[in-house]
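# Per-entry structural report
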Amino acid sequence: MTTIIVTGAAGFIGSALCRYLRANKIARIIGVDKMTYAASREALAGLKGDPDFTLLEIDICDGAKIIEILTTARPIGIIHLAAETHVDRSIDQPGDFLQANIVGTYALLEMVRQYLRMLPEDKQKQFRFLHVSTDEVYGSLGQSGSFTEDMAYAPNSPYAASKAASDHLARAWHKTFDLPVVISNCSNNYGPFQFPEKLIPLSIMKALGGQKLPIYGKGLNVRDWLYVEDHADALYQIFSRGRVGEKYNVGGASEYRNIDLVQELCALLDEALPQSAHRPHKNLIEFVADRPGHDERYAMDFSKLKKELGWQPRTTLPDGLRKTVAWYLQNRDWCEDIRRRKYGGERLGQTQAAGKS
Ligand SMILES: NC(=O)c1ccc[n+]([C@@H]2O[C@H](COP(=O)([O-])OP(=O)(O)OC[C@H]3O[C@@H](n4cnc5c(N)ncnc54)[C@H](O)[C@@H]3O)[C@@H](O)[C@H]2O)c1
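One structure accompanies this document, and this report is about it. Bear in mind the structure is a predicted one, so any value in this text is a computation, not a measurement. Residue numbers here run from 1 along each chain, matching the order of that chain's written sequence. With the structure being a predicted model, the display of local features is reserved for residues of pLDDT at least 70 and the display and counting of side-chain atom pairs for 80 or more, all residues being used for whole-chain, interface and lining totals.

## Some thoughts on the environment of Ala161
The test is simple: Going along the chain from the N terminus, every DSSP run of H or I of four or more residues is numbered as a helix, and every run of E of two or more is numbered as a strand. Any residue with 12 or fewer other C-beta atoms within 10 Å of its own C-beta is exposed, any with 20 or more is buried, and the rest are partly exposed; the C-beta atoms used are placed from the backbone.
Turning to its location among the elements, Ala161 is positioned in helix H6 (residues 158–177). Residue Ala161 is classed as buried on the basis of its 21 C-beta neighbours within 10 Å. For the pair Ala161 and Glu136, spaced 25 residues apart in sequence, the C-alpha to C-alpha distance is 8.6 Å.

## So, helix H11 (residues 317–330)
Threshold: A helix is expected to span 1.5 Å for every residue after the first. It is the directions from the helix axis to the C-beta atoms whose arc is reported. Note on contacts: each residue gets a C-beta atom placed from the backbone, and two residues are in contact if those atoms are within 7 Å.
An ideal rise of 1.5 Å per residue puts 20 Å on 14 residues; H11 measures up with 20 Å between its terminal C-alpha atoms. Looking at H11, one finds that the buried residues are Leu317, Gly320, Leu321, Thr324, Val325 and Tyr328. Buried residues of H11 fall within an arc of 135° about the axis and therefore sit on the same side. Projecting away from the buried face of H11 at angles above 90 degrees are the exposed residues Pro318, Asp319 and Gln330. Tucked into the core, H11 has its buried residues touching strand E7 (188–190), helix H7 (199–208), strand E9 (222–227), strand E11 (255–257), helix H9 (258–272) and helix H12 (332–341).

## Quick notes on the environment of Asn331
By secondary structure assignment, the location of Asn331 is in the loop between H11 and H12. C-beta crowding within 10 Å serves as the criterion here: with 14 such atoms nearby, Asn331 is assigned to the partly exposed category. Once the C-alpha coordinates of Asn331 and Ser254 are considered, the two residues, 77 residues apart in sequence, prove to be 26 Å apart.

## Topic: the pairing of strand E10 (residues 247–250)
Formally: For two strands to pair, DSSP has to find at least two bridges joining them.
Residues Lys247 and Asn249 of E10 are buried on one face, and the alternating residues Tyr248 and Val250, pointing to the opposite face, are buried as well. Bridge count between strand E6 (residues 181–186) and E10: four bridges; the pairing is parallel. Its bridge partner lying in E10, Cys186 is registered against Val250.

## Description of the sheet that holds E9
Selection rule: Whenever a helix is involved, its axis is fitted only over the stretch in contact; in every case the axis is a line through C-alpha atoms, and angles between N-to-C directions fall within 0 to 180 degrees.
Pairing is mixed in the open sheet, where three strands are placed in the order E7-E9-E11. Each of the sheet's edge strands pairs with one partner strand only, and the pair in question is E7 and E11. Between one strand and the next, the sheet's axes are offset by a mean angle of 50°, whatever the strand orientation. Relative to E11, E9 is paired through three bridges, and the arrangement is antiparallel. Across the sheet, Asp224 pairs through a bridge with Glu255, a residue of E11.

## Structural notes on unusual backbone geometry
Geometrically, the link from Arg279 to Pro280 is a cis peptide bond, its omega value of -15° lying close to zero. For Pro280, the location among the structural elements is in the loop between H9 and strand E12 (285–288). For Met35, which is not glycine, the phi dihedral falls at a positive 60°. Along the chain, Met35 turns up in the loop between strand E2 (28–33) and strand E3 (53–57). Take Met35: there are 16 C-beta atoms within 10 Å of it, and that puts it in the partly exposed class. Here Asp178, not a glycine, exhibits a phi torsion of approximately 65°, which is positive.

## Notes on the packing of H9 against H11
As a reminder of what qualifies: We call two directions roughly parallel when the angle between them is under 35 degrees, roughly antiparallel when it is over 145, roughly perpendicular when it lies between 65 and 115, and oblique otherwise. Each crossing gets its handedness from the near helix: less than a right angle anticlockwise from the far helix is left-handed, clockwise is right-handed. When residues are sorted by character, Ala, Val, Leu, Ile, Met, Phe, Trp, Tyr, Cys and Pro go into the nonpolar class, Asp, Glu, Lys and Arg into the charged class, and all the rest, Gly among them, into the polar class.
For the pair H9 and H11, interaxial distance at closest approach is 10 Å and the crossing angle is 55°. Of the possible angle classes, the one that applies to H9 and H11 is oblique. Our pair here, H9 against H11, has a crossing hand that is right-handed. Contacts between H9 and H11 involve Glu264, Leu265, Leu268, Leu269 and Ala272 from the former and Leu321, Arg322, Val325 and Leu329 from the latter. Class assignment for the residues of the contact of H9 with H11 results in seven nonpolar, no polar and two charged.

## Overview of the nonpolar core
Convention followed: Note on definitions: a nonpolar core is a set of buried residues drawn from Ala, Val, Leu, Ile, Met, Phe, Trp, Tyr and Cys, linked by C-beta atoms within 7 Å.
In this structure, Val6, Leu17, Cys18, Ile79, Leu235 and Leu265 are the most contacted members of the largest nonpolar core, which totals 98 residues. Ranked by residue count, the leading element in this core is H6, at eight residues. When neighbours within four sequence positions are excluded, Leu17 is seen to be in contact with Val6, Ile79, Ala232 and Leu235.

## Quick word on the sheet that holds E2
Read across the sheet, seven strands follow the order E3-E2-E1-E4-E5-E6-E10 without closing on themselves; strand pairing throughout is parallel. Here the strands that pair on one side only, and so sit at the sheet edges, are E3 and E10. Recorded for the sheet is a direction-independent mean angle of 20° between the axes of neighbouring strands. Summarising the sheet, E2 and E3 pair through five bridges and their orientation is parallel. The residue bridging Gly31 from the neighbouring strand is Leu55, located in E3. Along the sheet, helix H8 (residues 228–241) contacts strand E4 (77–80), strand E5 (128–134), E6 and E10; its crossing angle with E5, the most-contacted strand, is approximately 145°.

Printed below as a string of C-alpha cells:
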C-alpha cells in the first residue's frame, strides 16, 4: 500500500481529508500536526485503531524531523494543509502566521526537494506536493465577477498575505527546482469539527448559550461556502489527477451575505430547538465594528477543476448547514470543552491600525 503524508491532519479540513482517505482506503496516511490550539484529537478519534493511520506531533518547521519521516515512510506525496488560519488572530499576532505559513511551507518544500534527490527518476516523477490554499489570496471582488486561477494576487489580511507568500514559494520551487507541485485555492469551508472561532460554529455556539451573535459591519460581506467533505474529495482529485505546475480553484457555487447566512442558521436552530428560551434566535444578532481590511466579496470560478477533473460540489448550502447544525447540537461537549479550555468566544483582531486612535 502507498503512503501519503497529510500536514495539518488534526485541523478542521485536514481531519476531514484523513477520514475521507481512510474511509475510501486510498492509502496509508501519516498525519503531521503541531497540535496548536486549533487541532483536535477527537476529529481523528474514528481512526483510532486503524493500522494504516498514524498521527505524529511535529512542527513542519522542524526540517530534521520532516526528512526523517520522508525517508522512513517513503510517501508518494504530501497534501500540505498545516497553517495558522484565523484572519482575526493574524491581525493580533501576524508573526505566528509568517512563521507557520511561510517558513513552514519553505521548510517542507526544502525537505521534499532533499528527499526527492534520493529517489530514482521514475519515483521522483510520481511524487506530488499538493499545496492547499485559499481564495483570500486574490483579495476582494466588487458586486460582480469571480476569481480565476490566472488572476493577480492582492491579499489584504496578514493571513491572506502569508498564504499568498506560501503559494508563491510552492510555485517557485516547481519552476526553479522542478518540484512536482500542484496548488489548490478554495473558498470558505464549513462542517463538523470547525473550531468555534469561525463564523458558523461561533454563531451556533453563542446562540446555544443565548449570547449575542456578532456580525461585522452591516453583514453585507459575501462569501462562497463549501461543505468540508466536498473539499476533501476535491483535494484528492487534484492530488491524484491534477496537472503538475497547475493551480485549481475550488468553490461551492454558494454565495451568501454573512447576515443571510446567520439568519439561516438561526432559523435552523429555531426548528431544531422548539423549546429553547432563546427563540427566535435571530433576535440575538448584533452588528459590531467591522474587521479591519475586511474583504467585501469572494466568489470562485472553478470551471477549470470541473472541466479537467469532473469535480463539482455535491452538497448544497441549505443541506450542508442543516447537517452542520445537527452535528454541533449532537456534539455540544466538543464545543463546551473548547470554550472552557481554549477559547471563550471573545472578539479577536481589534488591534488598532497605526495612526488610528
Ligand atoms: N477553513 C477554510 O475555510 C479554508 C478555505 C480554504 C483553504 N484553507 C486552507 O486549508 C488549510 C487547513 O485549514 P483549516 O480550516 O483546517 O485550519 P485549522 O486551523 O482548523 O487547522 C490547521 C492545522 O494546522 C496545524 N498547524 C499549524 N501550524 C503548524 C505547524 N507549524 N506545523 C504543523 N502543524 C501546524 C494546527 O495544529 C491545525 O491542526 C489551511 O492551509 C488553510 O489556509 C482553509
